[in-house]
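# Coordinates in review
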There are 2 protein chains.
Amino acid sequence: MTEATNQARGGAFGIEHPIGVAVLGMGNVGTEVVRILREHADDLRSRVGAPVVLRGVAVRRLDVDRGIPAELLTTDAEALVARDDVDLVVEVMGGIDPARKLILSALNGGKSVVTANKALLADYTGELAAAAEGSRADLYFEAAVAGAIPVVRPLIQSMSGDRVNRVVGIVNGTTNFILSAMDETGADYTDTLAEATRLGYAEADPTADVEGYDAAAKAAILASLAFHTRVTAADVYREGISKITAEDLETAAAVGCTVKLLAICERMPGGERLSMDGSAVAAPGEAGSTPAGKDRVSVRVYPALIPRRHPLSSVNGAFNAVVVEAENAGRLMFYGQGAGGAPTASAVMGDLVMAARNKFYGGRAPGESVYAELPIAPIGDIPTRYHVNLQVADRTGVLQAVSGKFAEHGVSISTVRQEGHDEGARLVVVTHHAPESALADTVAALAELESVTSVTSVLRLEGTEE
Amino acid sequence: MTEATNQARGGAFGIEHPIGVAVLGMGNVGTEVVRILREHADDLRSRVGAPVVLRGVAVRRLDVDRGIPAELLTTDAEALVARDDVDLVVEVMGGIDPARKLILSALNGGKSVVTANKALLADYTGELAAAAEGSRADLYFEAAVAGAIPVVRPLIQSMSGDRVNRVVGIVNGTTNFILSAMDETGADYTDTLAEATRLGYAEADPTADVEGYDAAAKAAILASLAFHTRVTAADVYREGISKITAEDLETAAAVGCTVKLLAICERMPGGERLSMDGSAVAAPGEAGSTPAGKDRVSVRVYPALIPRRHPLSSVNGAFNAVVVEAENAGRLMFYGQGAGGAPTASAVMGDLVMAARNKFYGGRAPGESVYAELPIAPIGDIPTRYHVNLQVADRTGVLQAVSGKFAEHGVSISTVRQEGHDEGARLVVVTHHAPESALADTVAALAELESVTSVTSVLRLEGTEE
């Protein structure tokens, strides 16, 4: 039957019917996609089996010289998508609307779609996948997570015979650039953000990046693929990096750690709880444990301390990395450029060649797999370790009072470090794993203590062997 | 038409026709594949869309208790492959024969094949791919390179819209275990190999690993995929690690390096020459340069010094890592467990699920892509850097004589270090990039020098910025 398709397209008769491509959006990524389509037409033709022809590019304004023939440009994206000679649509315009409507039009018309739109996917994958399924078109989105780094395809395909237990990634280049720079220079957050903006690593409105929305969308996508469960952005617990201080990085360094914005997707096996490194932290029936027999999923984004010997700690600047831990594969790590026009276009083009081959040979991309339908565990249930920084009165009994509050809430202390200061002392407490809710309650109780001047910072600690 | 296949199989009527699987070989990997097929049958059914049923396992001897029902075992692999209810064949027996014949039988019968057999693929991919093409079956082989690490699929699919310039990997766990241990303990090669054998990291006959044959087979596979060119094991220049001494690791450490067995696949653009880090080392028309306009491919396996700051230098023990450099994606790195029953079985199972889905939904794996047909560059043409260790007479003029020989052959010296000894001195010379042939001639000429007592070692230096 693949032969029939091939023949219908003329392949078997030596007539090459071209695969027509529409590109929606001509920002950094779209510009590179258009360039590659034009510069590497010969290679693409050989790899697809048929010519891949750019039919048009939808842009917002026509009065800009984009270095390509004017007749390829249009402001009518809907008409471009609907053209009979368009077989494939590349959506690199971003945002929810009109991207969503255009992708649905394409898929409903049987046209395959390649998109880099993480915000859209994080909330609407179900709807888009259903449209693709209905018309037997492909929906590919490797470029939506971690730019050029193949992680979507490995999760969907390579891990399809394994059980993924955990995905932990640095998936936002802007925040990683800022945290790396703060770690290196000792500068504070505001100055470093300003520098990142100046260098083009942060957008004019950096909210989506620095508050973790971008990473949360990617975490939702990764978790959906890893656990065969539909996870949306609303399911992701999220904290950004805008409250991270130079002092946080300094105290992190003092304990052999750095601070990274992590996207963490974890399977929490029914009846026991796992820490990031796989050690069980609560037995069935214990406080905060999962009902026996039913796995749950935790998806969260927050800045955390990680030891400098952890593989993710050396991922610096605008680079991304994703660690995947699976039952049989063990720990895998994928590293590379997570953003930028050319790297993201590389991922788009890989998807485009696959989608074009499917059009030509009659194959299909794997559809959405959400059969497991695992429930999302609330953040309060998640076992983590806390690194708590306290300003305290420098007098006898403080340590006893502080450690008493931890004990009261059932939180076990790993280490305490006391540093003298002119006006009081600083206590740095690192806990063992405990449920988030118990840790949050402990911190609230500490703030009430008379001998505690202030809770300077509370950061989670990840990636330790406990 | 996928619908038609689906209907033919009963999918559209809610009747699930199972996908029958035959496993050939029940060593470390086969045992794990059989375990996963049985333990995770429910997940596999959900992911494929139909039950995946183990029809039988071909073994050499029946008188061993393998913990599975005896009726599943057979010594007649050919009959198992030929069974009507077998749709998919997993070949994990290794070796050329009878694996080759069995795989060909399966493919010719329209049955898809998943194999981990690098030695077979390195020499016979053309023949196997043609058989798969002829009957429109799938040939998958993610497990043949770097165990659980997805690198075959990313190269075939994710990089299909990019231009790969270089693949450099640590792809043999045995040799990496030995070199890591030598680096850490200062022990010599023989003792470390004995220890590796005792711990199960080296086979009783370690030749295939320590002499680089295994890595060369994997390099041939990687190069074929990266450059869309058929590369066989015979095209790979190969040196093993059996001549590496404790002193080599010591001198490497002295210059901030370690020693790794590298598999290097490089595109050498027509008209210029690139070093491992992408710097051009010879202009068109210069000695050893490529004819203008025609890219060539260099594939080689040898132990080399790499700087400790290079990402591959921290890949230790039995771990594998592969760095892929592409025009648009930039530098990507894939890291994980490169061998072992469960990790390799993870890769096999991913391929198996994809092949089973294709059977059920009517898709097809991408076939062999060798359209580029780039010529293989001979090793003598390859620009590398040498790290040469000489025992010399401790007298005036030695340095002049030695450096004269380098100059005579057009090899530029980067650094020279002289160390006094009781009976003469040691000279360590590190060169800039020069063609292998010029370096080899230089070393031969040095050995003839009266003031040179011996050429203690010659190692290549890779991964520097020059």
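The model shown is predicted, which means the values in this text are computed figures rather than measured ones.

### Here's the deal with the pairing of strand β12 (residues 296–307) of chain A
Residue and element names in this part refer to chain A. Within β12, twelve of the twelve residues are buried, which leaves it mostly tucked inside the rest of the structure. Side chains of β12 alternate between two faces, with Arg296, Ser298, Arg300, Tyr302, Ala304 and Ile306 and Val297, Val299, Val301, Pro303, Leu305 and Pro307 buried alike. One ladder, built from two bridges, connects strand β8 (residues 237–238) with β12; its direction is parallel. By the bridge assignment for β12, Arg238 is matched with Val301. Bridging between β12 and strand β19 (residues 452–461) involves two bridges; their strand directions are parallel. Residue Leu305 lies in a different strand from β19, and its bridge partner there is Leu461.

### What about the relation of the copies chain B and chain A?
Of the transformation superimposing chain B on chain A, the axial component is 0.0 Å and the angular component is 180 degrees, with the fit at an RMSD of 0.0 Å. The relationship between the two copies is best expressed as a two-fold rotation axis. Of every C-alpha in chain B, the one belonging to B:Gly363 sits nearest the axis of rotation, 2.0 Å from it. A high fraction, 100%, of the interface residues of chain B reappear at the interface in chain A, so the copies pair face to face through one surface.

### Observations regarding helix α3 (residues 41–48) of chain B
Residues and elements named next belong to chain B. Taken together, the buried positions of α3 are occupied by Asp43, Leu44, Arg47 and Val48. All buried residues of α3 fall inside an arc of 120 degrees around its axis, so they share one side. Among the structural elements, β1 (19–24), α2 (28–39), β2 (52–58) and α13 (341–361) are those in contact with the buried residues of α3. Of the residues flanking the end of α3, it is Gly49, one or two places downstream, whose phi is positive at about 105 degrees.

### Regarding the interface of chain B and chain A
With 54 residues of chain B in contact, the opposing surface of chain A contributes 54 residues. Of the roughly 4500 Å² buried between chain B and chain A, counting both surfaces, carbon and sulfur atoms make up 50%. Connecting chain B to chain A are two salt bridges. B:Asp43 serves as the salt-bridge partner of A:Arg163, at 3.0 Å between the closest nitrogen and oxygen. Joining chain B to chain A, the criterion identifies 27 residue pairs in polar contact (both at pLDDT 80 or more). Mapped by element, the contributors of at least two residues to the side of chain B that touches chain A are α1 (2–8), α2, α3, α7 (152–158), β14 (330–337) and α13 of chain B. The biggest single contributor to the side of chain B that touches chain A is α13(B), with nine residues. Of the residues assigned to the side of chain B that touches chain A, the class counts are 22 nonpolar, 18 polar and 14 charged.

### Digging into the sheet that holds strand β3 (residues 73–74) of chain A
Residues and elements named next belong to chain A. With parallel pairing, the six strands of this open sheet are ordered in space as β3-β2-β1-β4-β5-β6. Each having just a single partner strand, β3 and β6 (139–140) make up the two edges of the open sheet. Of the pairings in the sheet, the one linking strand β5 (residues 112–115) to β6 comprises two bridges and is parallel in character. Opposite Val114, over in β6, you have Tyr140 as the bridge partner. Of the strands in this sheet, β1 (19–24), β4 (88–91), β5 and β6 are in contact with helix α5 (residues 99–108), which crosses β5 at around 150 degrees.

### A short note on the sheet that holds β1(B)
All names here are of chain B. Pairing within the open sheet is parallel, and its six strands lie in the order β3-β2-β1-β4-β5-β6. Strand pairing shows two members of the sheet lacking a second neighbour, β3 (73–74) and β6 (139–140), which therefore form its edges. Where β1 lies against strand β4 (residues 88–91), four bridges are found, and the strand directions are parallel. Residue pairing for β4: Ala22 is matched across the bridge by Val89.

### Looking at the pairing of strand β15 (residues 383–392) of chain B
Residues and elements named next belong to chain B. Among the ten residues in β15, ten count as buried, and that is most of the element. Burial along β15 is two-sided: Pro383, Arg385, His387, Asn389 and Gln391 facing one way and Thr384, Tyr386, Val388, Leu390 and Val392 facing the other are all buried. As judged from the two bridges shared by β15 and strand β18 (residues 434–435), these two strands associate in the antiparallel manner. Within β18, the position partnered with Thr384 by the bridge is Ala434. Taken together, the eight bridges between β15 and strand β19 (residues 452–461) define a ladder with antiparallel strand orientation. Directly across from His387, in β19, lies its bridge partner Leu459. Of the pairings in the sheet, the one linking β15 to strand β17 (residues 424–431) comprises six bridges and is antiparallel in character. Note that in β17 the partner of Gln391 across the bridge is Arg426.

### As for the UniProt feature "binding site: L-homoserine" (unreviewed entry) in chain A
Residues and elements named next belong to chain A. UniProt records the feature "binding site: L-homoserine" (unreviewed entry) for Glu203 in the present numbering. Here Glu203 is to be found in the loop between α9 (189–198) and α10 (207–210). Those residues in contact with Glu203 that lie beyond four places of it in its chain are Thr197 and Asp209.

### With respect to the environment of A:Leu399
Topologically, A:Leu399 is positioned in helix α14 (residues 398–408). Other than its neighbours up to four places away in sequence, A:Leu399 contacts A:Val416 and A:Leu427.

### A few points about the packing of α3(B) against α13(B)
Residues and elements named next belong to chain B. Direction vectors running N to C along α3 and α13 enclose 45 degrees, while the axes themselves pass 9 Å from each other. On the basis of their axis angle, the class for α3 and α13 is oblique. Regarding α3 and α13, the two cross each other, and that crossing is right-handed. Residues Leu44, Arg47 and Val48 of α3 form the contact with α13, whose participating residues are Met349, Val353, Ala356, Arg357, Phe360 and Tyr361. Looking at side-chain class alone, the contact of α3 with α13 contains seven nonpolar, no polar and two charged residues.

### Brief notes about the side chain of A:Asp43
Examined against the element boundaries, A:Asp43 turns out to sit in helix α3 (residues 41–48). In contact with A:Asp43, not counting residues within four places along its chain, are B:Arg163 and B:Tyr371.

### Brief notes about helix α11 (residues 213–227) of chain B
Residue and element names in this part refer to chain B. End to end, α11 covers 21 Å across 15 residues, agreeing with the expected 21 Å (1.5 Å per residue, within 8%). Among the 15 residues of α11, 14 are classified as buried, and the element is accordingly described as predominantly covered. Among the residues trailing α11, His228 stands out with phi positive, at a value near 50 degrees.

### A few points about the UniProt feature "active site" (unreviewed entry) in chain A
Residues and elements named next belong to chain A. This chain's UniProt record puts "active site" (unreviewed entry) on Lys218. Mapped onto the secondary structure, Lys218 falls in helix α11 (residues 213–227). Look at Lys218 and you get buried, because its relative accessible area is 5%.

What counts and what doesn't
Residues numbered from 1 in each chain as written. Chains lettered and ligands numbered in written order. Predicted model: local features only at pLDDT ≥ 70, side-chain atom pairs only at ≥ 80, totals over all residues. Heavy atoms only, no water. Buried < 20%, exposed > 50% of the residue type's maximum accessible area, 1.4 Å probe, protein only. Helix = DSSP H or I, 4+ residues; strand = E, 2+ residues; numbered from the N terminus. Pairing = 2+ DSSP bridges. Least-squares fit on C-alpha atoms with pLDDT ≥ 70 in both. Contact = heavy atoms within 4.5 Å. Arc of directions from axis to C-beta. Buried area = accessible area lost by both parts, 1.4 Å probe. Salt bridge = Lys/Arg side-chain N within 4 Å of Asp/Glu carboxyl O. Polar contact = N/O pair within 3.5 Å; in protein donor to acceptor, adjacent residues only side chain to side chain. Nonpolar A, V, L, I, M, F, W, Y, C, P; charged D, E, K, R; others polar. Axes fitted to C-alpha atoms, helices over the stretch in contact; angles between N-to-C directions. UniProt positions renumbered as here; feature names shortened; annotations may be inferred. Parallel < 35°, antiparallel > 145°, perpendicular 65-115°, else oblique. Left-handed = near helix turned anticlockwise from the far one by under 90°. Expected span 1.5 Å × (residues − 1).

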